[in-house]
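So you can see what is in the structure, the chains are spelled out below.
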Amino acid sequence: MTKKRVLSGIQPTGNLHLGNYLGSIRNWVEHQQDYENYFCVVDLHAITAPHDPQTLAENSYTIAALYLACGISVEHASIFIQSHIPAHSELTWLLNCVTPLNWLQDMIQFKEKAIKQGENVNMGLLDYPVLMAADILLYQADKVPVGEDQKQHLELTRDIAARFNHQFAKKNPVFKVPQALIQTDGARIMSLTDGTRKMSKSDSSDLSRINLLDSPELIQKKIKKCKTDLERGLTFESIDRPECRNLLTLYMLMSGKPKETVAIECQDLGWGQFKPLLTEATIEHLRPIQAKYQAVMTDRTYLESILSDGKNQAESIANRTLTEVKAALGFSVPGT
Ligand code: TYM
């Protein structure tokens, strides 16, 4: 039986944090042997916000190296950089012409980012979800493992695929309509400084997140300073204690212990007793990832060969879909 196909990606904007890891990469790694996987570094998305041309390429390599460091294996996955495959940009244009403007104006992330970026809102920011739809639909992905914040973009992708099939390819649908794969735990990791806001690369305070490459000393400092409450006894259940739920979830996922075990272990603890446990579990979980990352980054030839193989494997599928899309839309083919 052929394996179902998975596609996902992360923007090379700053360091990856525990939210990115627990909401997405961890799930790619856990299920990679069950699927045919395509994992890209979405650098075209990264220029929808102000960016530094001096660091864009290096940031892309960093993210690709982190995919490997977190346990993605080239035996199961093609790893590539989005901008290396022109079909992503081309399909975006074609999908732009079938996507109603108001669908994009309704996107929550667009509205949030537009407020944050003030006067610096470009067309790319509005079009961001169409580029994401192109990433997914080019590969005819069955499943897309992402964090909860991407749910609406996945729904939009499904709507675009269905609309295209309905308008231009009724008899032989061109696009597979993909499904989001969102985990129950870790799909929305919250900020360390405010348990009601999600952990984010764009938060101005680095104390709000733990980055995968933070040193043990920095992790200790961030957890020591993180926001807590005045109650003793820690539980997953209390709705009015967002920091408590978030930190217990982090502890559960970093330690690898089952939820019930963590619930019993922490039910009578105070924050002073709990924080060292979370610190230790986090440092130990990230230690092998950081070591592998250093090893991968010292061998640039190896990393480049992986990205080149990944590009070749991915591009043949992407181009096949693009040809079908253009045929359905009625474009002429050169030389015929
Ligand atoms: P990006 O780079 O913002 O985030 C990458 C992944 O991390 C997840 N994530 C979180 N999960 C849990 N808790 C958090 N606090 C948290 N913050 C981020 C995101 O949900 C995402 O899965 N648009 C995408 C990138 C993208 C993509 C794609 C994803 C472009 N094309 C195609 C899947 C398929 C994004 O903004 O990722």
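Everything quoted here is computed from the prediction, not taken from an experiment. (Residues numbered from 1 in each chain as written. Predicted model: local features only at pLDDT ≥ 70, side-chain atom pairs only at ≥ 80, totals over all residues. Heavy atoms only, no water.)

Quick notes on the site of the ligand
Which entries qualify depends on this criterion: Any residue with a non-hydrogen atom lying within 4 Å of a molecule or strand is treated as near it. In protein, a polar contact means a hydrogen-donor-capable atom and an acceptor-capable atom, both N or O and within 3.5 Å, with residues adjacent in sequence counting only if both atoms are side-chain atoms; elsewhere, any N or O pair within 3.5 Å suffices. The method behind every accessible area is Shrake-Rupley, applied with a 1.4 Å probe, and residues are considered shielded solely by the protein chains displayed. Under the scheme used here, helices are H or I runs from DSSP no shorter than 4 residues and strands are E runs no shorter than 2 residues, and both carry numbers assigned from the N terminus. Throughout, the ten residues Ala, Val, Leu, Ile, Met, Phe, Trp, Tyr, Cys and Pro are labelled nonpolar, Asp, Glu, Lys and Arg are labelled charged, and all others, Gly among them, are labelled polar.
Near the ligand you find 28 residues, and of these Tyr128, Asp135, Gly147, Asp149 and Ile189 are the closest. Measuring from a nitrogen atom of the ligand, one finds a backbone N or O atom of glycine 19 at 3.0 Å. Interatomic distance of 2.9 Å between a backbone N/O atom of methionine 199 and a nitrogen atom of the ligand. Surface burial for the ligand is 97%, taken as the share of its 710 Å² of free accessible area covered by protein chains. Taken together, the elements giving at least two residues each to the shell around the ligand come down to strand S1 (4-10), helix H1 (18-30) and helix H7 (123-138). Each residue belonging to the shell around the ligand can be placed in one class, and the counts come to 11 nonpolar, 12 polar and five charged.

Topic: the pattern of salt bridges
The condition that has to hold: Just to be clear on terms, a salt bridge is a Lys or Arg side-chain nitrogen sitting within 4 Å of an Asp or Glu carboxyl oxygen.
Enumeration according to the criterion identifies 16 salt bridges in this entry. In this structure, the salt-bridge partner of aspartate 149 is lysine 198, at a minimum N-O distance of 2.8 Å. Note that aspartate 149 is positioned in the loop between strand S4 (143-145) and helix H8 (151-168) and lysine 198 in the loop between strand S5 (179-181) and helix H9 (216-225), a separation of 49 residues in sequence. A single network of salt bridges, built from pairs that share partners, joins Asp206, Arg209, Asp214 and Lys222.

A look at the pairing of S1
Test applied: Summary of the burial criterion: residues with accessible area below 20% of their type's maximum are buried, those above 50% are exposed, and those between are partly exposed, where the area comes from a 1.4 Å probe applied to protein chains only. Any two strands between which DSSP finds at least two bridges are classified as paired. The handedness of a crossover follows from its direction of travel: if, with the strands pointing away from the viewer, the path from the first strand over the helix to the second runs clockwise, the crossover is right-handed.
Most of S1 sits inside the fold, with five of its seven residues counted as buried. In this structure, S1 lies alongside strand S2 (residues 35-41), joined through seven bridges in parallel fashion. Opposite glycine 9, over in S2, you have cysteine 40 as the bridge partner. A crossover connection joins S1 to the parallel S2 through H1; in handedness this β-α-β unit is right-handed.

What to know about helix H6 (residues 108-117)
To keep things clear, this is the line we draw: By arc we mean the arc of the directions from the helix axis to the C-beta atoms, nothing more. By definition in these notes, contact holds between two residues if any of their heavy atoms fall within 4.5 Å.
Listed as buried for H6 are Gln109, Phe110, Ala114 and Gln117. Axial view of H6: buried residues confined to an arc of 130 degrees, hence all on one face. The outward face of H6, more than 90 degrees from its buried face, is lined by the exposed residues Ile115 and Lys116. Those residues of H6 that are buried are in contact with helix H5 (101-105), H7 and H8.

Here's the deal with the packing of helix H4 (residues 87-96) against H7
The test is simple: Angles shown run from 0 to 180 degrees and are taken between the N-to-C directions of axes, each axis being a line fitted to C-alpha atoms and, for helices, limited to the stretch in contact. Note on convention: near helix rotated counterclockwise from far helix by under a right angle means a left-handed crossing. Clockwise means right-handed.
It is the contact of H4 with H7, at a shortest axis distance of 8 Å, that shows an interaxial angle of 115 degrees. Crossing angle aside, the handedness with which H4 passes H7 is right-handed. Between H4 and H7, the residues in contact are Ala87, His88, Leu91, Thr92, Leu95 and Asn96 and Asp127, Val130, Leu131, Ala133, Ala134, Asp135, Leu137 and Leu138, respectively.

Some words on the packing of aromatic side chains
Definition in use: Any Phe, Tyr or Trp ring, taking Trp's six-membered ring, that has another such ring centre within 6.5 Å forms a pair; planes under 30 degrees apart are called stacked, those over 60 apart edge-to-face, and the others tilted. Charge-over-ring contacts are defined here by two conditions on Lys NZ or Arg CZ: a distance within 6 Å of the ring centre and an angle within 35 degrees of the ring normal.
Counting across every chain of the model gives eight aromatic pairs. Ring geometry for tryptophan 28 versus tyrosine 67: centroids 5.0 Å apart, planes at 75 degrees, classification edge-to-face. Here tryptophan 28, found in helix H1, pairs with tyrosine 67, found in helix H3 (residues 53-69); they are 39 residues apart in sequence, far enough to count as distant. On the basis of relative accessible area, tryptophan 28 is assigned to the buried category, the value being 1%. Overall, the relative accessible area of 0% leaves tyrosine 67 in the buried class. Each ring, one from phenylalanine 80 and one from tyrosine 139, has its centre 5.6 Å from the other, and the planes form 45 degrees; the classification is tilted. Linking phenylalanine 80 in strand S3 (residues 77-81) with tyrosine 139 in the loop between H7 and S4, this pair joins segments that are 59 residues apart in sequence. For the pair shown, phenylalanine 80 and tyrosine 139 are each scored as buried. Among the aromatic side chains, those forming a connected cluster through ring pairs are Trp28, Phe39 and Tyr67. Sitting over the ring of tryptophan 103, arginine 163 keeps its end group 5.3 Å from the ring centre.

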